[in-house]
Amino acid sequence: MLRVRFAPSPTGFLHVGSARTFIFNWLYARHKGGTMVLRLDDTDVERNTEASVNSIFEGLRWLDLGWDEEYKQSERLGLHQQIAEAIFQKGMAYRDFTPAHIGDSERSGATQTWLFNPGMRELSRKESDRRAAAGEPFALRFRVPRGTGESVRFTDAVYGEQVKAADDIEDFALLRSDGMPTYHLASCADDVDLRISHIIRGQDHLSNTYKHVLIFEAAGGQAPQFAHLPLLVAPDGSKLSKRKHGPVVSVTTYRDAGFLPASFINFLCLLGWSPKDDREKMTRQELIDAFSLEGINRANAVVNFKESAATPEETFDPKAVWLNAEHIRGLSIEELSAQLLPIVCAAGFQVSPEKMLAIIPLIRERIKLLRDVLTAADFFFVEQLPPYDPAELIPQKGDAAMAAKVLTRAREVLAHTEFKHDPLDQALRAAAQELGLKAGQMFQPIRVAVCGRKNAPPLFETLEVLGRETTMARIDQAIARLGAAKS
RNA sequence: GGCGCUAUCGUCUAGGGGUUAGGACGGAAGAUUCUCAAUCUUCAAACCCGGGUUCGAUUCCCGGUAGCGCUACCA
């Protein structure tokens with residue numbers, strides 16, 4: 001039975017790199033019909049925060065992929081200690097009474113490799129027991145084989161055969177002096193206990209894996225299969241951090257900016273993984289079907305965001321934005337409405353679901369992020385148009401007089417035209433001809449009068465949704481503005 | 001410093017001993033159109049460097065360089 005896990009440590013918000021790790025694990029589980037385990041690796045009491053736990057769940061919930069089992073490491077400390085004890089009893093670990101952190105100062109700036117604290121490895125069992133019984137605090141360290149020429153090896157599904165001389169591995173801690181397990185111990189102990197079959201995680205753990213293999217062997221278990229993922233990095237190649245790069249690295253930022261979970265997932269999948277058949281836009285099911293460890297790349301991938309960009313659209317990786325637009329276009333009117341309505345309401349506008357349904361075909365091709373609905377369809381939502389420059393009303397190669405003439409004529413025509421696409425089209429084109437104007441010269445003033453700007457959805461559809469009353473009122477206002485501007 | 005991983009257009013990537021090195025985003029130009037989009041067409045744009053192996057390397061090997069990771073009683 002295939003079992004994978006996503007094991008975040010709640011020391012910060014859920015960032016895009018973690019989200020991708022979660023997604024790859026999930027995809028692999030679903031592809032293989034396995035089990036997805038969510039495990040909070042919260043053994044670092046000092047740095048864990050409730051806010052972080054919430055942020056992680058918030059992000060994962062938005063992704064909407066779900067998981068099958070859920071655990072918390074802090075509730076499994078007994079198991080960790082039990083395994084540590086077993087390793088100690090086998091003589092594969094020893095007590096290190098060196099006070100915490102003093103080794104650090106000795107080592108700081110040191111150009112030498114630290115492997116273990118002097119004197120501790122060789123302490124006799126008797127002496128060790130005596131000092132422990134006396135209440136002297138100690139950390140439990142793994143006794144890495146030394147001078148035996150041994151090497152530790154494992155096969156990584158992405159990086160291939162990995163070998164490292166045991167002599168190059170330091171005696172890492174299993175238990176802290178306060179009795180809490182370290183990440184290495186807790187993680188491996190739980191992986192064994194939860195019968196995790198595949199560990200898919202960031203490449204920053206590739207070097208740690210040798211230690212983990214040692215623990216798995218010492219604990220009498222078989223090491224799972226490993227698959228390390230290339231890291232997601234910032235445009236300058238540095239690793240993503242909130243402090244350095246701001247909110248663009250947080251999953252909730254994508255949600256709040258109007259990304260669809262499906263496109264966000266799609267985007268992340270394309271970073272460090274490829275279906276190898278040139279597909280870009282993929283649905284959740286297509287991703288499940290296509291996903292494989294073989295498709296994972298080895299080089300770090302840049303998330304091409306722009307810090308301090310003017311608009312959200314410019315902030316995010318252009319490909320993420322494009323994919324989002326692509327997914328939006330793939331939604332039905334009803335599906336899109338369900339996404340858009342809450343955003344419009346939250347912005348303080350009142351729109352009936354029926355009207356929303358009518359508006360969506362006009363803006364679906366024009367929005368890239370869900371929130372764009374607020375700028376793309378604003379004039380549908382308000383009673384009163386915000387002020388605009390009357391000069392905008394003036395058509396190409398025209399003047400204020402022409403604008404006034406167009407609007408006045410439009411008013412007359414629209415007064416007795418049915419507000420449907422075809423009749424509007426015919427009536428307005430006929431009017432343009434009468435006035436000796438090009439269609440564009442006729443439509444532009446009307447568009448601005450009705451939308452408040454030049455760039456907007458197609459005119460006839462827009463008028464149809466707006467209705468005669470609103471249209472007439474706005475044309476009247478435009479005429480008034482023109483008059484005011486002239487004098 | 002030690003150990004390790006990586007290296008194809010600006011970015012994400014495909015490919016692989018002989019290719020016009022493919023696709024996508026973004027950029028540029030054009031078509032279409034009532035504006036803006038969408039769509040379509042076209043263009044510019046890459047194998048880190050040096051050795052070796054080979055008839056032939058971007059591809060395989062070695063070295064260099066650069067980037068990244070690990071080197072904590074963080075994860």
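Residues numbered from 1 in each chain as written. Chains lettered and ligands numbered in written order. Predicted model: local features only at pLDDT ≥ 70, side-chain atom pairs only at ≥ 80, totals over all residues. Heavy atoms only, no water.

## Section: the overall build of chain A
Condition: Elements are defined by DSSP. Helices are runs of H or I of four residues or more, strands are runs of E of two residues or more, and each kind is numbered from the N terminus. Only the C-alpha atoms count toward the radius of gyration. The rule for a globule is 2.2 Å times the residue count to the power 0.38. The cut-offs for exposure are 20% and 50% of the maximum accessible area for each residue type, with area from a 1.4 Å probe on protein chains only; residues under the lower value are buried, those over the upper are exposed, and the others partly exposed. Only heavy atoms matter for contacts: two residues are in contact if any of them lie within 4.5 Å across the pair.
A count of helices and strands for chain A gives 21 helices and 12 strands. Radius of gyration (C-alpha) of chain A: 32 Å, far over the 23 Å computed for a compact globule of 487 residues. In terms of principal-axis extent, the alpha carbons of chain A reach across some 105 × 45 × 35 Å. Burial status across chain A gives 50% buried among its 487 residues. Of the contacts made within chain A by residues no fewer than 6 positions apart, 75% connect residues no fewer than 24 positions apart.

## Some details on the protein's contact with RNA strand B
Under the convention used in this document: Near is defined per residue: the residue qualifies when any heavy atom it owns lies within 4 Å of the molecule or strand. Polar contact is the term for a pair of N or O atoms within 3.5 Å; when the atoms are in protein, one must be able to donate a hydrogen and the other to accept it, and sequence-neighboring residues count only if both atoms are side-chain atoms.
Inspection of the region around RNA strand B gives 67 residues, with T98, R176, G272, E365 and R366 positioned closest. Backbone sugar and phosphate groups make up 72% of those atoms of RNA strand B lying within 4 Å of the protein. S9 places a polar side-chain atom, nitrogen or oxygen, 2.9 Å from a sugar or linking oxygen of RNA strand B. Between N455 and RNA strand B, the recorded distance is 3.1 Å, taken from a side-chain N or O atom to a sugar or linking oxygen. Elements with a minimum of two residues in the surface near RNA strand B: β5 (139-142), β7 (160-165), α6 (183-193), β12 (301-302), α13 (318-330), α20 (439-451) and α21 (459-486). Sort the elements by how many residues they give to the surface near RNA strand B and α13 lands first, with four residues.

## Looking at the packing of helix α14 (residues 333-346) against helix α15 (residues 353-363)
Packed helices, taken two at a time, are described by the angle between their axes plus the distance between the axes. Rules: Axis definition: a line fit to C-alpha positions, over the contact stretch in the case of helices; interaxial angles, taken between N-to-C directions, run 0 to 180 degrees. Any angle from 65 to 115 degrees is called roughly perpendicular, while one under 35 is roughly parallel, one over 145 is roughly antiparallel, and all others are oblique. By the convention adopted, Pro, Cys, Tyr, Trp, Phe, Met, Ile, Leu, Val and Ala count as nonpolar, Lys, Arg, Asp and Glu as charged, and the other residues, Gly among them, as polar.
Contact geometry of α14 with α15 gives a least axis separation of 9 Å together with a crossing angle of 110°. Taken together, the axes of α14 and α15 are roughly perpendicular relative to one another. The residues of α15 that touch α14, namely those facing I333, E334, L336, S337, L340, L341 and V344, are P353, M356, L357, I360, P361 and I363. Split by residue class, the contact of α14 with α15 holds 11 nonpolar, one polar and one charged.

## A word on the nonpolar core
As a reminder, the rule being used: The term nonpolar core refers to a set of buried residues drawn from Ala, Val, Leu, Ile, Met, Phe, Trp, Tyr and Cys, joined through side-chain atoms within 4.5 Å. For the domains described, the bounds stem from an automatic or database domain assignment.
If you look at the biggest cluster of nonpolar residues, it comprises 90 residues, and the most contacted ones within it are F22, I23, F24, L63, L174, F259 and F264. Among the elements that line this core, the one with the most residues is helix α1 (residues 16-32), at nine residues. Residue assignment places this core across two domains, with domain 1 (3-73 + 183-233) and domain 2 (78-175) each supplying three or more. The contacts of L63, once residues within four sequence positions are left out, are A19, F22, I23, V251, P261, F264, I265 and R284. V351, L362, L374 and F460 belong to the second largest nonpolar core, which has 56 residues in total.

## Details of the packing of aromatic side chains
Inclusion rule: Side-chain rings of Phe, Tyr and Trp (the six-membered ring for Trp) are treated as a pair once their centres are within 6.5 Å; stacked means planes under 30 degrees apart, edge-to-face means over 60, and tilted covers the remaining angles. The rule for a charge over a ring is simple: NZ of Lys or CZ of Arg within 6 Å of the ring centre, and within 35 degrees of the ring normal.
A complete count under the given rule lists 19 aromatic pairs for this structure. With centroids separated by 4.7 Å and ring planes inclined at 50°, the aromatic side chains of Y254 and F264 adopt a geometry described as tilted. Pair noted here: Y254 is in helix α9 (residues 251-257) and F264 is in helix α10 (residues 261-269), with a separation of 10 residues, a long-range link. Exposure remark for F264: the relative accessible area of 1% places this residue in the buried category. The rings of W62, Y254, F259, F264 and F316 are connected pair by pair, giving a single aromatic cluster. Stacked on the ring of F116, the Lys or Arg R121 has its end atom at 5.6 Å from the ring centre.

## Some thoughts on helix α7 (residues 209-218)
Of all 10 residues in α7, nine are buried, a share of seventy percent or more. Of the residues making up α7, those classed as buried are T209, Y210, K211, H212, V213, L214, I215, F216 and A218. Immediately beyond the C-terminal end of α7, within one or two residues, lies G220, with a positive phi of roughly 75°.

## Focus: the pattern of salt bridges
Short version of the rule: Note on definitions: salt bridges are taken to be side-chain nitrogens of Lys or Arg within 4 Å of carboxyl oxygens of Asp or Glu.
A full pass over the atoms with the stated rule returns 28 salt bridges. Residues participating in the shared-partner salt-bridge network are R5, R39, D41 and D191.

## Here's the deal with the side chain of S238
Along the chain, S238 falls in the loop between β11 (232-233) and α8 (242-245). Here the side chain of S238 touches D236 through a polar contact of 2.7 Å, side chain to side chain. For S238, the side chain forms a polar contact with the side chain of K244, separated by 3.1 Å. Leave out the neighbours within four places in its chain, and S238 touches V233, K244 and H245.

## Examining the sheet that holds β5
Inclusion rule: Pairing between strands is defined by DSSP: at least two bridges between the two strands are required.
Ordered in space as β4-β5-β8, the three strands form an open sheet in which the pairing is antiparallel. In this open sheet, the two edge strands, each paired with only one partner strand, are β4 (93-96) and β8 (173-175). In this sheet, neighbouring strand axes are inclined to one another by 40° on average, regardless of whether the strands run parallel or antiparallel. Where β5 and β8 come together, two bridges link them in antiparallel fashion. Within β8, the position partnered with L140 by the bridge is L175. This element, helix α3 (residues 77-89), spans β4, β5 and β8 of the sheet and lies at about 100° to β4.

## Concerning the domain arrangement of chain A
We count it as follows: Two parts lose some accessible area (1.4 Å probe) when they are put together, and adding that loss for both gives the buried area.
With domains assigned, chain A is organised as domain 1 (3-73 + 183-233), domain 2 (78-175), domain 3 (331-381) and domain 4 (390-486). The partner domain 2 presents 25 residues to the 22 residues of domain 1 that form the contact. Buried surface at the junction of domain 1 and domain 2, summed over both partners, amounts to about 2,200 Å²; 74% is from carbon and sulfur atoms. By the criterion of area lost to domain 2, the three top residues of domain 1 are L185, Y210 and L214, representing 33% of everything that side buries. Remark: the boundary between domain 1 and domain 2 carries one salt bridge. Between E170 and K211 there is a salt bridge whose closest N-O contact spans 2.9 Å. On the surface where domain 1 and domain 2 come into contact, there are five residue pairs in polar contact (both at pLDDT 80 or more). Sorting the residues of the side of domain 1 that touches domain 2 by element identifies α6, α7 and β10 (225-229) as the ones contributing at least two each.

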